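Chain by chain, the residues:
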Amino acid sequence: MSNARSTSIMGRESGDRVVLLLVIALALVMVAPVLWVIGLSLKHNAELMANTNSVFYPPYTITNYINILGTSSVFRWILNSLIVSGGLTIFTLVLASLAGYGFARLNFPGRDILFIIVLLGLAVPEQAVLIARHQIFGMLKLHNSYQGLILPGLSAPFGVFLMTQYFRAIPKELDEAALLDNASRFTIFWKVLLPLTVPAQATLGIFTFLWSWNDYLWPLISGTKKEMFTLTVGMASTQTNFAQSEGLGFLMAQAVFAGAPILILYLFFQKYIVTAVSGAAVR
Amino acid sequence: MVEAVVSSREEFSSSLAGHKAPPANVNAAQWRNALFVAPYLFFFVTMLVFPLVWGIWLSFHKADTFGVGKFVGLANYARLFGDRIFLLSVGNTFYFVLLTVPALALLGLFLALALNRQTRTAAFFRAAYFSSSVLSVTIVTLIWRIVFVPDFGFLATVYGWFDTKAPAFLSDPNLAMIGIAIATIWWCLGLPMMLFLSALQQVPAEIYEAAALDNANRWQTFRSITLPSIKRTFILVVLIQVVLQFQLFGQARLMTQGGPNNASKPIVLYIYDVAFKRWDLGLGAAASEILFILILIAAMAQYFLTRNRGEN
């Protein structure tokens with residue numbers, strides 16, 4: 001073992017080759033399940049019932065994808081997800097920018113202790129507030145509504161934390177120069193500082209959108225009516241027992257169809273998404 | 001008194017800024033300034049602080065769909081620790097964390113080391129390994145159920161080529177958690193890799209050049225330069241993943257429904273079943289508080305272990 005390791009490290013070439021082979025092998029393990037699903041989605045249901053091995057040879061078909069257009073609730077769910085994730089993202093950006101500016105730049109009684117309390121909120125997992133939230137929303141008749149799906153996410157402290165850090169990093173001379181010109185606090189925020197925070201807005205916006213799009217727990221217990229399902233919950237509701245499923249190909253086509261938008265988004269905004277997700281994790 | 005607080009605050013902020021303070025009236029503590037944080041604080045208090053307190057309060061009461069009943073003290077907690085299924089779900093959750101976190105940290109580190117170079121191939125693989133992380137739990141479980149499903153799944157097909165039978169990952173009580181762990185590692189591997197990559201890129205290149213001048217071989221360089229400089233990130237990655245994986249829910253609910261025979265039921269699924277299927281809200285709230293304490297311990301460890309080292 002140690003012998004093999006030392007030779008592969010001493011000889012750079014062969015060492016590199018072993019590492020590369022491992023990376024490729026692992027990548028195949030990563031990709032194979034996805035290819036399998038895409039393959040199944042391109043086959044007739046009847047053919048799959050007989051034998052899934054048929055996925056390795058033609059004929060292929062796009063019937064399953066065409067069927068999505070007519071018979072599936074997927075579009076309603078995508079619309080719901082767009083409204084919920086889009087709404088949450090916009091409101092989060094507004095709230096977090098205002099609060100970030102307030103905490104970073106302005107002085108008001110109890111500011112520092114309030115900021116610490118908000119930071120402590122980062123340690124509260126969703127599960128610890130889930131049951132009480134569900135009760136409150138029940139009393140306010142907010143279940144099965146877009147407000148009900150959006151509001152809980154607005155309390156997440158991460159955005160405020162991120163924006164506060166970002167505002168603090170902007171030189172104070174900018175504010176002071178504007179103050180000498182008799183600009184109001186809001187004007188300074190809106191005209192001078194906010195345009196400088198665009199990178200942070202992008203990071204926070206992408207993270208919030210992605211998180212909300214993929215959220216499963218709250219939408220599952222709050223949006224219980226089929227027409228209020230988000231895409232994530234709706235897709236989960238269609239997953240019945242495969243063994244009895246005659247629509248295997250159709251189910252797989254739905255999965256590909258539901259996963260594709262976010263993967264395409266990832267292709268275009270890869271850099272931002274990676275920064276957003278890793279930034280949120282480190283906090 | 002108020003003036004003293006205000007002036008000390010001014011000193012504090014001006015010493016932070018490192019230059020002379022602007023006119024006193026500008027930086028004075030004013031209630032008006034709190035308007036900027038008020039909208040967020042409204043949601044913070046109503047959607048987070050209040051439910052948190054209510055949840056703790058609920059856990060000491062008898063509560064169901066008909067409303068909150070009388071104060072029962074620690075009875076819910078006593079019931080919880082008398083419930084074999086709850087204890088099983090705690091054990092399952094720890095087992096799951098043990099299955100996933102070391103694998104995620106080590107695989108992530110391996111990939112980061114292998115892909116930390118400026119080539120197109122490396123960039124391609126980095127993007128590919130991270131891509132699964134953007135999918136929702138629903139898509140991930142759908143993919144892996146169709147891999148694991150007996151007779152016509154992907155695994156069964158591959159095993160079929162060698163005329164053997166694939167292990168029944170989701171229906172064997174001893175394998176169910178492992179099946180969920182495999183799907184989870186596949187889903188979550190991107191983040192540890194990226195965190196390690198950004199840590200590796202912060203190691204100054206001069207150190208490696210110096211090591212090369214000293215004729216250090218790869219293993220020596222790795223052990224005496226790379227490893228010490230990513231130690232903090234390693235702790236960070238492990239603790240982030242502990243917190244994340246403690247909250248296992250969707251994969252278990254969608255892949256095995258916690259079965260067979262509760263063998264793969266994690267704490268959050270227990271909470272979900274108790275609170276939203278049986279509507280035993282007091283018991284569910286008590287279980288949530290236990291989970292909260294467990295996660296808090298990991299979060300505190302993250303804070304203290306990673307911050308302290310950063311200052312030294």
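Reading the values: rules and limits
Residues numbered from 1 in each chain as written. Chains lettered and ligands numbered in written order. Predicted model: local features only at pLDDT ≥ 70, side-chain atom pairs only at ≥ 80, totals over all residues. Heavy atoms only, no water. Helix = DSSP H or I, 4+ residues; strand = E, 2+ residues; numbered from the N terminus. Buried < 20%, exposed > 50% of the residue type's maximum accessible area, 1.4 Å probe, protein only. Contact = heavy atoms within 4.5 Å. Patch = residues over 30% accessible without salt bridge, like charges linked within 9 Å, V, L, I, M, F, W, Y side chains within 5 Å. Areas by Shrake-Rupley, 256 points an atom, 1.4 Å probe, with all protein chains shown as cover. Salt bridge = Lys/Arg side-chain N within 4 Å of Asp/Glu carboxyl O. Axes fitted to C-alpha atoms, helices over the stretch in contact; angles between N-to-C directions. Parallel < 35°, antiparallel > 145°, perpendicular 65-115°, else oblique. Nonpolar A, V, L, I, M, F, W, Y, C, P; charged D, E, K, R; others polar. Domains from an automatic or database assignment. Buried area = accessible area lost by both parts, 1.4 Å probe. Polar contact = N/O pair within 3.5 Å; in protein donor to acceptor, adjacent residues only side chain to side chain. Expected span 1.5 Å × (residues − 1). Pairing = 2+ DSSP bridges.

1. Here we look at the overall build of chain B
Consideration 1: Of the regular secondary structure elements, chain B holds 16 helices and two strands.
Consideration 2: Residues counted as buried form 52% of the 312 residues belonging to chain B.
Consideration 3: Sequence-distant contacts, at least 24 apart, represent 67% of the contacts inside chain B between residues at least 6 apart.

2. Side note on a nonpolar patch on the surface
Residues and elements named next belong to chain A.
Consideration 1: Side chains of Ile264, Leu265, Leu267, Phe268, Phe269 and Tyr272 sit close together on the surface and give an oily, nonpolar patch of about 660 Å² of accessible area.
Consideration 2: By residue number, the principal contributor to the nonpolar patch is helix α15 (residues 248-268), which donates four residues.
Consideration 3: Here Ile264 is to be found in helix α15.
Consideration 4: Judged by its relative accessible area of 46%, Ile264 is partly exposed.

3. Quick look at the packing of helix α6 (residues 120-131) of chain B against helix α10 (residues 190-201) of chain B
Residues and elements named next belong to chain B.
Consideration 1: The geometry of α6 relative to α10 is characterised by a closest axis approach of 8 Å and an angle of 140° between their N-to-C directions. By the angle between their directions, the pair α6 and α10 is classed as oblique. Between α6 and α10, the residues in contact are Arg126, Tyr129 and Phe130 and Gly190, Leu191, Met193, Met194 and Leu197, respectively.
Consideration 2: Counted by class, the contact of α6 with α10 contains six nonpolar, one polar and one charged residues.

4. Side note on the domain arrangement of chain B
Residue and element names in this part refer to chain B.
Consideration 1: Taken domain by domain, chain B consists of domain 1 (2-14 + 21-74) and domain 2 (78-311).
Consideration 2: Between domain 1 and domain 2, the C-alpha centre-to-centre distance is 34 Å.
Consideration 3: Of the residues lining the interface, 10 residues belong to domain 1; the matching set on domain 2 comes to nine residues.
Consideration 4: Summed over both partners, the interface of domain 1 with domain 2 buries about 680 Å², with 65% contributed by carbon and sulfur atoms.
Consideration 5: Here domain 1 is connected to domain 2 by zero salt bridges.
Consideration 6: Linking domain 1 with domain 2 are three residue pairs in polar contact (both at pLDDT 80 or more).

5. Points about unusual backbone geometry
Consideration 1: Residues other than glycine seldom take positive phi values, yet Asn182(A) does so here, at roughly 65°.
Consideration 2: Position of Asn182(A) relative to the elements: it lies in the loop between α10 (173-180) and α11 (185-193).

6. Side note on the interface of chain A and chain B
Consideration 1: Listed by partner, the interface residues are 99 residues for chain A and 95 residues for chain B.
Consideration 2: Interface of chain A and chain B: buried area, both sides summed, is about 8,700 Å²; carbon and sulfur atoms make up 75% of it.
Consideration 3: On the chain A side of the contact with chain B, Met30(A), Asn107(A) and Ile131(A) bury the most area, a combined 8% of that side's loss.
Consideration 4: Viewed at the interface, chain B and chain A are joined by zero salt bridges.
Consideration 5: Applying the counting criterion to the chain A and chain B interface returns 16 residue pairs in polar contact (both at pLDDT 80 or more).
Consideration 6: If one sorts the elements of the side of chain A that touches chain B by residue count, helix α2 (residues 12-41) of chain A sits on top with 16 residues.

7. Remarks on α6(B)
Consideration 1: Across its 12 residues, α6(B) extends 16 Å between first and last C-alpha, which sits within 8% of the 16 Å expected from 1.5 Å per residue.
Consideration 2: When α6(B) is considered as a whole, its buried residues turn out to be Ala122(B), Phe125(B), Arg126(B), Ala127(B), Tyr129(B) and Phe130(B).

8. Here's the deal with the domain arrangement of chain A
Consideration 1: Domains assigned within chain A are domain 1 (2-67) and domain 2 (72-237).
Consideration 2: One C-alpha centre belongs to domain 1 of chain A, the other to domain 2 of chain A, and the line joining them spans 39 Å.

9. A word on the side chain of Asn80(A)
Consideration 1: On the secondary structure map, Asn80(A) appears in helix α5 (residues 74-105).
Consideration 2: Aside from chain neighbours lying at most four places away, what touches Asn80(A) is Tyr146(A), Glu227(A), Met228(A), Phe229(A) and Thr230(A).

10. Some thoughts on the pairing of strand β1 (residues 61-64) of chain B
Residue and element names in this part refer to chain B.
Consideration 1: Here β1 shows a clear split, with His61 and Ala63 buried on one side and none of Lys62 and Asp64 buried on the other.
Consideration 2: Relative to strand β2 (residues 67-71), β1 runs antiparallel, the two being bridged by three bridges. Note that in β2 the partner of His61 across the bridge is Phe71.
Consideration 3: The loop that links β1 with its antiparallel partner β2 comprises two residues.

11. So, the environment of Ala200(A)
Residues and elements named next belong to chain A.
Consideration 1: Counting through the fold element by element, Ala200 comes out in helix α12 (residues 198-214).
Consideration 2: C-alpha separation for the pair Ala200 and Met163, spaced 37 residues apart in sequence, amounts to 6.9 Å.
Consideration 3: If we skip the residues at most four places from it in the chain, Ala200 touches Leu162, Met163 and Tyr166.

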